[in-house]
Amino acid sequence: MPKTILILNGSPRPNGNTAALIDAFAEGARAAGHTVLRHDLRALEIHPCLGCLGGGKDPAHPCVQRDGMDRIYPDYRAADVVAFASPMYYWAVSGQLKCALDRLFAVTESDGGTPRKETVVLMAAEGDTPENYAPVRQWYEALCAELSWTDRGQVVAGGVLKVGDIAGHPALAKARALGASL
Ligand SMILES: Cc1cc2nc3c(=O)[nH]c(=O)nc-3n(C[C@H](O)[C@H](O)[C@H](O)COP(=O)(O)O)c2cc1C
């Protein structure tokens, strides 16, 4: 069954390694008949969560803040699958992605609970060991467990630092296959 896939791109580098993973993933997903929606968070003005717990009063604008998140909320609601794409920054996701993720809480406030989603991770990192990815894996799997999200796959391109390092990396084929498998 065709699905709607929302990609949240947390990389600030337009043609970087995360972008290459996203392109491969989206190519696989489109080839399988899915609809792909993509937001490059660097291009949107997205402020950090205020922690006010005051959202949810206006379903059209679930957060009290009016900014780039208003372009993401409808796509998040519509998505069957959310892809969290990010470079690894200090053994975590980038600040751009974390800000957007925190702000999705406004939909939880507005819609009476966290929407059920299938989720994936696409990540580029300089380190290339399971130990290097372990903190992100632990965080993401806790997130899925707490929010009742279903993890559909995690693709990590390790050993890539500079733009272009990812060329020919086996993670690109894995990302394409993951997109096609949804
Ligand atoms: C601020 C910063 C923090 C980083 N922290 C890590 C890290 O903790 N572990 C790691 O393996 N790579 C780390 N890196 C390397 C990036 O993850 C790597 O360069 C990645 O390929 C960048 O993806 P991009 O091309 O999409 O920007 C860091 C890079 C920057 C700029």
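Along every chain, residues carry numbers that run from 1 in the direction the sequence is written. Only residues with pLDDT of at least 70 get local features here, since the model is predicted, and only at 80 or more are side-chain atom pairs given and counted; chain-wide, interface and lining totals rely on the full set of residues. Hydrogens and water are ignored here; the side-chain numbers use all heavy atoms of the structure.

**Here we look at the overall build of the protein chain**
Here is step 1 of the chain: Counting its regular elements, the protein chain contains 6 helices and 5 strands.
Here is step 2 of the chain: Helix and strand assignments follow DSSP, with helices taken as H or I runs no shorter than four residues and strands as E runs no shorter than two, numbered in order from the N terminus. Reading the helices (α) and strands (β) of the protein chain from amino to carboxyl end gives β-α-β-α-β-α-α-β-α-β-α.
Here is step 3 of the chain: Under the scheme applied here, a residue whose accessible area is under 20% of the maximum for its type counts as buried, over 50% as exposed, and between as partly exposed, the area being computed with a 1.4 Å probe on protein chains only. Relative to its 182 residues, the protein chain shows a buried fraction of 48%.
Here is step 4 of the chain: Within the protein chain, contacts between residues at least 6 apart in sequence are counted, and of these 76% link residues at least 24 apart. Only heavy atoms enter the contact rule, under which two residues are in contact if any of them lie within 4.5 Å.

**Focus: the sheet that holds strand β4 (residues 118-124)**
Here is step 1 of the chain: For two strands to be treated as a pair, DSSP must find at least two bridges joining them. In spatial order, the strands read β2-β1-β3-β4-β5; together these 5 strands make up an open sheet with parallel pairing. Lying at the two open borders of the sheet, with one neighbouring strand each, are β2 (35-40) and β5 (150-157). Neighbour to neighbour, the strand axes of the sheet diverge by 15 degrees on average, direction disregarded.
Here is step 2 of the chain: For β4 and β5, the ladder comprises 7 bridges, and the chain directions are parallel. Residue pairing for β5: methionine 123 is matched across the bridge by valine 156.
Here is step 3 of the chain: Angles shown run from 0 to 180 degrees and are taken between the N-to-C directions of axes, each axis being a line fitted to C-alpha atoms and, for helices, limited to the stretch in contact. Sheet strands touched by helix α5 (residues 130-147): β3 (81-87), β4 and β5. Its angle to β5, the strand with the most contacts, is close to 165 degrees.

**Here we look at the site of the ligand**
Here is step 1 of the chain: Residues are classed as near a molecule or strand on a simple rule: at least one heavy atom within 4 Å of it. If you check the shell around the ligand, you find 17 residues, and the closest are Asn17, Thr18, Met88, Gly127 and Leu161.
Here is step 2 of the chain: Within the side chain of serine 11, a nitrogen or oxygen atom sits 2.9 Å from an oxygen atom of the ligand.
Here is step 3 of the chain: One nitrogen or oxygen atom from the main chain of tryptophan 91 is found 2.9 Å from an oxygen atom belonging to the ligand.
Here is step 4 of the chain: Only the protein chains shown count as cover for residues, with accessible areas throughout obtained via the Shrake-Rupley method and a probe of 1.4 Å. Calculation on the ligand without its partners gives an accessible area of 640 Å², and the protein chains cover 82% of this total.
Here is step 5 of the chain: When residues are sorted by character, Ala, Val, Leu, Ile, Met, Phe, Trp, Tyr, Cys and Pro go into the nonpolar class, Asp, Glu, Lys and Arg into the charged class, and all the rest, Gly among them, into the polar class. Residue classes in the shell around the ligand are distributed as 9 nonpolar, 6 polar and 2 charged. Polar contacts, as counted here, are pairs of nitrogen or oxygen atoms within 3.5 Å of one another; within protein the pair requires one atom able to donate a hydrogen and one able to accept it, and residues that are adjacent in sequence qualify only if both atoms are side-chain atoms.

**Here's the deal with unusual backbone geometry**
A negative phi angle characterises most non-glycine residues, just as the trans form characterises most peptide bonds.
Here is step 1 of the chain: If you check the backbone angles, leucine 53 has positive phi at about 55 degrees while not being a glycine.
Here is step 2 of the chain: The class for leucine 53 is exposed, based on a relative accessible area of 64%.
Here is step 3 of the chain: A positive phi angle, near 55 degrees, is found at tryptophan 91, a position not held by glycine.

**Quick notes on the pattern of salt bridges**
Here is step 1 of the chain: Salt-bridge detection follows one rule: a side-chain nitrogen of Lys or Arg within 4 Å of a carboxyl oxygen of Asp or Glu. Inspection of the entire model under this criterion finds 11 salt bridges.
Here is step 2 of the chain: Lysine 3 is the salt-bridge partner of glutamate 118, the closest N and O atoms lying 2.9 Å from each other. Here the residue glutamate 118 occupies a position in strand β4, and lysine 3 occupies one in the segment before β1 (4-9), the gap between them amounting to 115 residues.
Here is step 3 of the chain: What makes lysine 3 buried here is its relative accessible area of 15%.
Here is step 4 of the chain: Here aspartate 111 and arginine 77 are joined by a salt bridge, their closest N and O atoms 2.9 Å apart. Taken together, the positions of aspartate 111 in helix α4 (residues 105-111) and arginine 77 in helix α2 (residues 69-78) put the pair 34 residues apart, joining distant regions of the chain.

**So, the pairing of β2**
Here is step 1 of the chain: Summarising the sheet, β1 and β2 pair through 6 bridges and their orientation is parallel. Each residue of the ladder has a partner; that of isoleucine 5, found in β2, is valine 36.
Here is step 2 of the chain: Crossover handedness is defined by viewing with both strands directed away from the observer: a clockwise path from the first strand over the helix to the second marks the crossover as right-handed. Once you follow β1 into helix α1 (residues 17-31) and on to β2, the crossover reads as right-handed.

**What about α1?**
Here is step 1 of the chain: To estimate the expected span of a helix, count its residues, drop one, and scale the result by 1.5 Å. Taking 1.5 Å as the rise per residue, α1 with 15 residues should run 21 Å; its terminal C-alpha atoms sit 21 Å apart, in good agreement.
Here is step 2 of the chain: Regarding α1, the residues found buried are Asn17, Thr18, Ala19, Leu21, Ile22, Ala24, Phe25, Ala26, Gly28 and Ala29.
Here is step 3 of the chain: Lining the buried residues of α1 we find β1, β2, β3, β4, β5 and α6 (170-181).
Here is step 4 of the chain: Just downstream of α1 lies glycine 33, where phi reads positive at about 95 degrees.

**What to know about the nonpolar core**
Here is step 1 of the chain: The criterion is simple. A nonpolar core is a set of buried Ala, Val, Leu, Ile, Met, Phe, Trp, Tyr and Cys residues joined through side-chain atoms within 4.5 Å. Among the nonpolar cores identified, the biggest contains 31 residues, and Leu8, Ile46, Ile72, Phe84 and Leu104 are the most heavily contacted of them.
Here is step 2 of the chain: Of all the secondary-structure elements, those providing two or more residues to this core are β1, α2, β3, α3 (95-103), α4, β4 and α5.
Here is step 3 of the chain: Per-element accounting of this core gives the leading share, 5 residues, to α5.
Here is step 4 of the chain: Beyond its immediate chain neighbours, meaning those up to four positions away, leucine 104 contacts Leu8, Met69, Ile72, Tyr73 and Tyr76.
Here is step 5 of the chain: Core analysis: the second largest hydrophobic core is formed by 24 residues, Ala24, Phe25, Ala83 and Leu182 among them.

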